[in-house]
Amino acid sequence: MTKPHVLLLGEIVHAKAEWEALSEVATLSVCDSSTKEEFIRDLAGKYSDVMAVYHCHMKDAKPGAIINKELIDALPPSLKFICHNGAGYDMVDVNACAKKGIIVSNTPGTVSDATADVGMFLILGALREFYPAMTSLRKGKWNMGAPISRDPEGKVLGILGMGGIGSAIKRRAEGFDMITQYHNPEPLSDELAAGAKYVSFDELLATSDVISLNLPLNAQTRHIINKDAFAKMKDGVVIVNTARGAIIDEQALVDALESRKVRCAGLDVFEAEPQIHPGLVANEKVILLPHVGTRTYETQKKMEIQVINNVRSAVTEAKLLNVVPEHISLVH
Ligand SMILES: NC(=O)c1ccc[n+]([C@@H]2O[C@H](COP(=O)([O-])OP(=O)(O)OC[C@H]3O[C@@H](n4cnc5c(N)ncnc54)[C@H](O)[C@@H]3O)[C@@H](O)[C@H]2O)c1
């Protein structure tokens, strides 16, 4: 009997043995189409019987990096599952996938600790204004250029989107004696909230000393932090974003930093990565990282294995283990 065909879009870096082991249950192909046009032709040719795709976060120009409606229309009818490597899956149009009967999985959970470590680093780095202190030292001025900064203790941390990463940031922040509150579309159970106060979106903006963005990017959340949202915040608020750049209107953030409405910011993600608004690069009140939330060996290996486990489940049981929230109603 022929084995189901699985296509890798991108590269396996750490879990090569686990990927190879999938060949017990599937025929494995690695996409070698070099342009988008060639890829679309290959989808009607050598990939026309693919049943499941392992999809990696890649540079936008790579064929298959962005799974948009145009590409989804070109996918073969045999394709039923897309297993994405990443907790954020905004590069996959899940609504268009659903219309074509394709179910998508992501990697919740495995990303939480590493990304929360980066979030906590940015909260502390922004509050304590470590970046100007570091540059002062390197300019030979010792701590003469280091501002008098702020302590985390007793500050209210507002978590917008308290899922896996938001909850892990909450736990870390409480170790620094911060007071935690959150806003989600629905309140969490008492067990999951674990003492964090549930507040409305506007209340979170108005009463938080530090705002951590940990919600997914989609049509509803794009630019949710805009000029109007900044106007509702406390003067001198600190903004930390480890979610997706386009959650914030970057120009509005630059303006809010210039007016000192926002005292400091810590950012791991940007609207037009890898380009960064020059107003952020120039501002020493902003601590910047180049999207390194999950960039550790342990976490990346765990993520790859989680995707491989989803592919295995697709092939052997015709179901995914980590179905994205938008598709859960389709599989029950
Ligand atoms: N910087 C990085 O390297 C990195 C790494 C992993 C994930 N991420 C980003 O972090 C995001 C969160 O990841 P996660 O694993 O915690 O996801 P998650 O699904 O566990 O949590 C997201 C939370 O946001 C909430 N939410 C959804 N819409 C909301 C809204 N409009 N307002 C408030 N809350 C809302 C959900 O209810 C959920 O609780 C991902 O979508 C991804 O884009 C970034």
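Every value quoted in this text rests on a predicted model; they were computed, and no experiment measured them.

## Some details on empty space enclosed by the protein
Inspection of the entire model under this criterion finds one cavity of 30 Å³ or more. Each pocket or cavity is described by its volume, and for the largest cavity that value is around 30 Å³. Lining the largest cavity, in full, are Asn 241, Gly 245, Ile 248, Glu 250, Leu 253, Leu 267, Val 269, Phe 270 and Leu 280. Partitioned by chemical class, the residues of the lining of the largest cavity number six nonpolar, two polar and one charged.

## Some remarks on unusual backbone geometry
Pro 274 follows Glu 273 through a cis peptide bond whose omega is 5 degrees. In this structure, Pro 274 sits in the loop between strand S11 (262-267) and helix H12 (278-281). At Asp 177, a residue that is not glycine, the phi angle is positive and equals roughly 60 degrees. By the secondary structure assignment, Asp 177 is in the loop between helix H7 (164-175) and strand S7 (179-183). Relative accessible area serves as the criterion here: at 52%, Asp 177 is assigned to the exposed category. Unlike most non-glycine residues, His 291 shows phi in positive territory, near 50 degrees. Topologically, His 291 is positioned in the loop between strand S12 (286-288) and helix H13 (297-317). Take His 291: its relative accessible area is 29%, and that puts it in the partly exposed class.

## Quick word on the nonpolar core
Within the largest apolar cluster, 46 residues are counted, with the highest numbers of intra-cluster contacts made by Leu 7, Leu 9, Trp 19, Phe 39, Tyr 54 and Ile 82. The set of elements that each furnish at least two residues to this core consists of strand S1 (5-9), helix H2 (36-43), strand S3 (50-55), helix H3 (69-74), strand S4 (81-84), helix H4 (94-99), strand S5 (103-105) and H13. The next biggest cluster of nonpolar side chains, apart from the first, holds 29 residues, and it includes Ile 211, Val 237, Ile 239 and Leu 280.

## Focus: the site of the ligand
In the vicinity of the ligand there are 25 residues, among which Gly 164, Ile 165, Thr 242, Asp 268 and His 291 approach most closely. Thr 242 places a polar main-chain atom, nitrogen or oxygen, 2.9 Å from a nitrogen atom of the ligand. Between the ligand and Asp 268, the relevant distance is 2.8 Å, taken from a nitrogen atom to a side-chain nitrogen or oxygen of the residue. If the ligand stood free it would expose 870 Å²; the protein chains cover 82% of that surface. Among the residues forming the shell around the ligand, the class breakdown is ten nonpolar, 13 polar and two charged.

## Notes on the sheet that holds S5
Spatial ordering of the open sheet is given by S2-S1-S3-S4-S5, a layout of five strands whose pairing is parallel. Sheet topology places strand S2 (27-30) and S5 at the edges, where each strand pairs with a single neighbour. On average, adjacent strands in this sheet sit at an angle of 20 degrees to one another, irrespective of strand direction. Direction of pairing for S1 relative to S3: parallel, over a ladder of five bridges. When the bridges of S3 are listed, Leu 9 appears paired with His 55. Where H13 meets the sheet, it contacts S1, S3, S4 and S5, and its direction lies at approximately 170 degrees from that of S3.

## Some details on the sheet that holds strand S10 (residues 237-241)
Taken in spatial order, the seven strands line up as S8-S7-S6-S9-S10-S11-S12 in an open sheet, and their pairing is parallel. Edge positions in the open sheet fall to strand S8 (197-198) and S12, since each of these has one partner strand only.

Conventions we followed
- Residues numbered from 1 in each chain as written.
- Predicted model: local features only at pLDDT ≥ 70, side-chain atom pairs only at ≥ 80, totals over all residues.
- Heavy atoms only, no water.
- 1 Å grid on protein atoms, 1.4 Å probe; cavity = no way out; pocket = protein on both sides within 12 Å on 5 of 7 lines; lining within 4 Å.
- Points joined across faces, edges and corners; volume = space filled by probe spheres on them.
- Nonpolar A, V, L, I, M, F, W, Y, C, P; charged D, E, K, R; others polar.
- Helix = DSSP H or I, 4+ residues; strand = E, 2+ residues; numbered from the N terminus.
- Buried < 20%, exposed > 50% of the residue type's maximum accessible area, 1.4 Å probe, protein only.
- Core = buried A, V, L, I, M, F, W, Y, C linked by side-chain atoms within 4.5 Å.
- Near = heavy atom within 4 Å.
- Polar contact = N/O pair within 3.5 Å; in protein donor to acceptor, adjacent residues only side chain to side chain.
- Areas by Shrake-Rupley, 256 points an atom, 1.4 Å probe, with all protein chains shown as cover.
- Pairing = 2+ DSSP bridges.
- Axes fitted to C-alpha atoms, helices over the stretch in contact; angles between N-to-C directions.
- Contact = heavy atoms within 4.5 Å.

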